[in-house]
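An overview of the molecular structure
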Amino acid sequence: MDALGDGRYSIRVVEQLTGLTARQIRYYETKGLLAPQRTAGRQRLFSAADVERLQWIRTWRGEGVTLAAIKTRLQAAKPAHAAAGRTPARETDAWARLSRPALTSLYPVSDRGRLMEVMEERHRSRKDGDR
DNA sequence: GTTCTAACA
DNA sequence: TGTTAGGA
């Protein structure tokens, strides 16, 4: 039960992808850090964007950033222009700083295989020293 | 069988 | 946070 095939992931897959526990993921949602869509049965369906947000949450949390501060960063990073369906006029906003460059910095790899390895490493460190 | 919410360890 | 109860 993993890939839903259409860019949406079950919470279990998101656990593997982010190295977070389902408990944490649900908790972050209650804190308003993300709002994955739901199935009719109320099960969460995470988009790639949701996964990306969670990866940032995990990274920042590891740096000691509080959830409140992370929420602010994510809100700043949230591209209002995306919802508006147009390109942002200013490339100097938070979104521009936090998107491509930051992700590239976190995962300086271009092949999916290596990316999965990196995430797996993070997943393994979840239970111990990484906190 | 998987995920959900709520609540307690 | 982890874990479990009790449902959907």
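Residues numbered from 1 in each chain as written. Chains lettered and ligands numbered in written order. Predicted model: local features only at pLDDT ≥ 70, side-chain atom pairs only at ≥ 80, totals over all residues. Heavy atoms only, no water.

1. Observations concerning the protein's contact with DNA strand C
In the neighbourhood of DNA strand C, the contacting residues comprise T21, R23, Q24 and R61. Here DNA strand C approaches the protein such that, of its atoms within 4 Å, sugar and phosphate make up 28%. Contact between DNA strand C and T21: a phosphate oxygen at 3.0 Å from a side-chain N or O atom of the residue. Looking at the surface near DNA strand C residue by residue, the classes come out as no nonpolar, two polar and two charged. (Near = heavy atom within 4 Å. Polar contact = N/O pair within 3.5 Å; in protein donor to acceptor, adjacent residues only side chain to side chain. Nonpolar A, V, L, I, M, F, W, Y, C, P; charged D, E, K, R; others polar.)

2. Topic: the pattern of salt bridges
Enumeration according to the criterion identifies two salt bridges in this entry. The closest approach of N and O atoms between R38 and E29, which form a salt bridge, is 3.2 Å. Taking the shortest distance from any N to any O, the salt bridge between R44 and E29 comes out at 2.5 Å. Of the two residues, R44 sits in strand β3 (residues 44-47) while E29 sits in helix α2 (residues 22-30), which places them 15 residues apart along the sequence. According to the relative accessible area criterion, E29 is buried, its value standing at 18%. Taken together, the salt bridges that share partners define one network made up of E29, R38 and R44. (Salt bridge = Lys/Arg side-chain N within 4 Å of Asp/Glu carboxyl O. Helix = DSSP H or I, 4+ residues; strand = E, 2+ residues; numbered from the N terminus. Buried < 20%, exposed > 50% of the residue type's maximum accessible area, 1.4 Å probe, protein only.)

3. A closer look at unusual backbone geometry
For R42, which is not glycine, the phi torsion reads 75° and is therefore positive. Inspection of the secondary structure puts R42 in the loop between β2 (37-38) and β3. Assessed through its relative accessible area of 55%, R42 is described here as exposed.

4. Notes on the pairing of β3
When strand β1 (residues 8-9) meets β3, the two strands line up antiparallel, connected through two bridges. In the strand pairing of β3, Y9 is matched with F46. Here β2 runs beside β3; their pairing, made up of two bridges, is antiparallel. Bridging from a neighbouring strand, Q37 pairs with L45 of β3. Taking the residues between adjacent antiparallel strands as the criterion, β2 and β3 are bridged by five residues, where R42 takes a positive phi near 75°. (Pairing = 2+ DSSP bridges.)

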